[in-house]
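Each chain is listed here by its residues.
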Amino acid sequence: MNVTLTTNPKQKPDSSKLGFGKYFTDHMLVMDYENGAWKEPEIVPYAPFEMYPATNVLHYAQGIFEGAKAYRTKEGKITVFRIDDNFIRMNNSATRMCMPTFDAKVVKAALFELLKLEKDWIPTEPGTALYIRPTMIANEEVLGVHASHKYRFFIILSPVGSYYAHGLQPTKILVEEHYVRTAIGGTGEAKCMGNYAASLMGGELANKKGYDQALWLDAKEHKYVEEVGSMNIFFVIGDEVVTPQLVGSILPGITRNSCIQVLKKYGYKISERRISMDEIVAAYDKGELKECFGSGTAAVISPVGLITYQGKDMVVNDGKMGEITSFLYDKITGIQSERYPDEFGWVTEVK
Ligand code: COI
């Protein structure tokens, strides 16, 4: 693989001030698609792309991405969490968006070379990681609305801390009753750029009212819970942990799936099913809404302390992180950091 090293390495940020996605490492991976085939991936210095204003992704948003994380263990090993699942999902997103799929083995090997080169950028403080952002964009200079003939795949790396500025403090979510993120038959289950653009309005409205995020409902009846946009959502109702089933409009989260597998293995009652806001309100009124949390690569496991729906404030677990939420946070971050054995085969060493 061709590697061009930077002549101007950057100063690494203080790991107590990372936040999310603000710093980028010295190098990135780039792979172009032209004439019906992917070229060899290359490692090059992190730098701006040159693009014509007519480049089609800038107009029609034919673009997809992923989020994964790399860690550095106490012994100095580099590891990645469920990276094969990211590449499987990215290829599914590519198919949905009429983009070419890629050979995950080639990309994974190239990513591992990039991670080895950037190993000193991997933060080691608890709660930090090196975020991996694989992205694919349509890269043809043409304004006709059709699938592009040229693409650019790239991977950038960013040392990150907590996604939310308040860390593990429970988040506040506002149920969005008017706007929708996506509908069944739409692109909701693909990790495409447009889904995130569509979610901005709900997010902004929620932020203005002092909430961290909007909770999206289904597009048809505005009744059933879907996801938060940057995370999937779980509720603990009585002794049942519930998360919306994947109906086509919800992102099939890899952390969501990890939570389900851990809960099943440890004997919890976990259901993937439709959940209406009426059910959440009724459970809250009966004192049965015990916990609520979000899951995502960036958000990890984030407790939710307040849900507001139709003007009704529902304070969950006295606004504190609950027992099952803490168990999952500890278990999943423990497996990621090798504090616990990798009993699910999710961790790969980068060699
Ligand atoms: C992730 O969790 O990795 C995501 O992609 C969600 C968000 C930060 C866009």
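Sequence order as written defines the numbering, with residues in each chain counted from 1. Only residues with pLDDT of at least 70 are given local features in this predicted model, and only at 80 or more are side-chain atom pairs given and counted; all residues enter the totals for whole chains, interfaces and linings. The basis for every side-chain value is the complete set of non-hydrogen atoms in the structure, without hydrogens or water.

Trainee: So what exactly am I meant to see when it comes to the state of the cysteines here?
Mentor: The bond known as a disulfide is covalent and runs between the sulfur atoms of two cysteines. Throughout, disulfides are identified as pairs of cysteine sulfur atoms within 2.5 Å of each other. Summed over all chains, the structure comprises zero disulfides. Cysteine C98 shares no disulfide, and the gap to the nearest cysteine sulfur, in C192, comes to 11 Å.

Trainee: What is the right way to read the pairing of strand β6 (residues 68-72) from this model?
Mentor: Residues in a regular strand project their side chains so that they alternate between the two faces of the sheet. Accessibility here uses a 1.4 Å probe with only protein chains present; expressed as a share of the type maximum, an area under 20% marks a residue as buried, one over 50% as exposed, and anything in between as partly exposed. In DSSP terms, a helix is any run of H or I states spanning at least four residues, a strand is any run of E spanning at least two, and both are numbered starting from the N terminus. For β6, the buried fraction is high: four of the five residues fall into the buried class. When β6 meets strand β8 (residues 129-138), the two strands line up antiparallel, connected through three bridges. Looking at β8, one finds that K69 is bridged to Y131. Relative to strand β7 (residues 78-81), β6 runs antiparallel, the two being bridged by three bridges. Paired with R72 across the bridge in β7 is I78. By definition, two strands form a pair when at least two bridges between them are found by DSSP. Taking the residues that link successive antiparallel strands as the turn, the β6-β7 hairpin has five residues, and the phi of G76 there is positive, at about 90°.

Trainee: Please clarify how the domain arrangement of the protein chain should be interpreted in this entry.
Mentor: For interface size, the figure often reported is the accessible area lost on association. Residue ranges labeled as domains rest on an automatic or database domain assignment. Split by domain assignment, the protein chain resolves into domain 1 (2-161) and domain 2 (171-336). We call two residues in contact when some of their heavy atoms are within 4.5 Å. Counting from both sides, the interface comprises 23 residues of domain 1 and, opposite them, 21 residues of domain 2. Here's the idea: put two parts together, see how much 1.4 Å probe accessible area each one loses, and the total over both is what we call buried area. Between domain 1 and domain 2 the total buried area reaches about 1,800 Å² when both faces are included, carbon and sulfur atoms providing 63% of it. Any carboxyl oxygen of Asp or Glu that lies within 4 Å of a side-chain nitrogen of Lys or Arg is treated as forming a salt bridge with it. In this assembly, domain 1 and domain 2 are joined by zero salt bridges. Between N or O atoms, a polar contact is any pair within 3.5 Å; within protein, one atom must be a potential hydrogen donor and the other a potential acceptor, and residues adjacent in sequence are included only when both atoms are from side chains. There are 12 residue pairs in polar contact (both at pLDDT 80 or more) connecting domain 1 and domain 2. Listing elements by their share of the side of domain 1 that touches domain 2, those giving two or more residues are β5 (63-65), β6, β7, α2 (83-96) and β8. In terms of residue count, the dominant contributor to the side of domain 1 that touches domain 2 is α2 (five residues). Three residue categories are used. Nonpolar comprises Ala, Val, Leu, Ile, Met, Phe, Trp, Tyr, Cys and Pro, charged comprises Asp, Glu, Lys and Arg, and polar comprises the others, including Gly. Residues that form the side of domain 1 that touches domain 2 fall into these classes: 11 nonpolar, six polar and six charged.

Trainee: Can you walk me through the pairing of strand β9 (residues 151-160) in this structure?
Mentor: Summarising burial for β9: 10 of the 10 residues are buried, a large majority. Side-chain alternation along β9 places Y151, F153, I155, L157 and P159 on one buried face and R152, F154, I156, S158 and V160 on a second face that is also buried. Pairing of strand β2 (residues 27-34) with β9, which is carried by five bridges, proceeds in the antiparallel orientation. Paired with L29 across the bridge in β9 is I155. Bridge count for β8 against β9 is 10 bridges, and the pairing is antiparallel. Residue pairing in the sheet places M136 in a bridge with F153 of β9.

Trainee: Could you clarify how one ought to interpret α2 in this entry?
Mentor: Since the α-helix turns once every 3.6 residues, residues separated by three or four places project in the same direction. For α2, spanning 14 residues, the distance from its first C-alpha to its last is 20 Å, which sits close to the expected 20 Å at 1.5 Å a residue. Along α2, the positions that sit buried rather than exposed are I83, N86, F87, R89, M90, N91, S93 and A94. Looking at the residues trailing α2, positive phi occurs at C98, about 55°. In a helix, the anticipated span is given by 1.5 Å times the number of residues less one.

Trainee: Looking at this structure, how should I read the nonpolar core?
Mentor: Nonpolar side chains in soluble globular proteins tend to be buried together. Core analysis: the largest hydrophobic core is formed by 41 residues, its most contacted members being L111, L115, I132, M136, F153 and I155. Looking at this core, the elements that each hand over two or more residues are β2, β4 (42-45), β6, β7, α2, α3 (104-117), β8 and β9. In this structure F153 touches L29, V30, M31, W38, M90, F102, V107, P134, T135 and M136, once residues within four positions along its chain are discounted. Working definition of a nonpolar core: buried Ala, Val, Leu, Ile, Met, Phe, Trp, Tyr and Cys residues. They are joined through side-chain atoms within 4.5 Å. Within the second largest apolar cluster, 25 residues are counted, among which are V228, I237, V304 and I307.

Trainee: I tried to follow the pattern of salt bridges on my own but got confused; where do I start?
Mentor: Opposite charge on two side chains allows them to pair when their charged atoms are near. Throughout the structure, instances matching the rule amount to 19 salt bridges. Notably, a salt bridge pairs D285 with K312, separated by 2.9 Å at the nearest N-O pair. Of this pair, D285 sits in helix α6 (residues 277-285) while K312 sits in strand β17 (residues 312-315), and the two are 27 residues apart along the sequence. On the accessibility criterion, K312 (30% relative accessible area) is partly exposed. Each of E240, R273 and E279 takes part in salt bridges that share partners, so that together they form one network.

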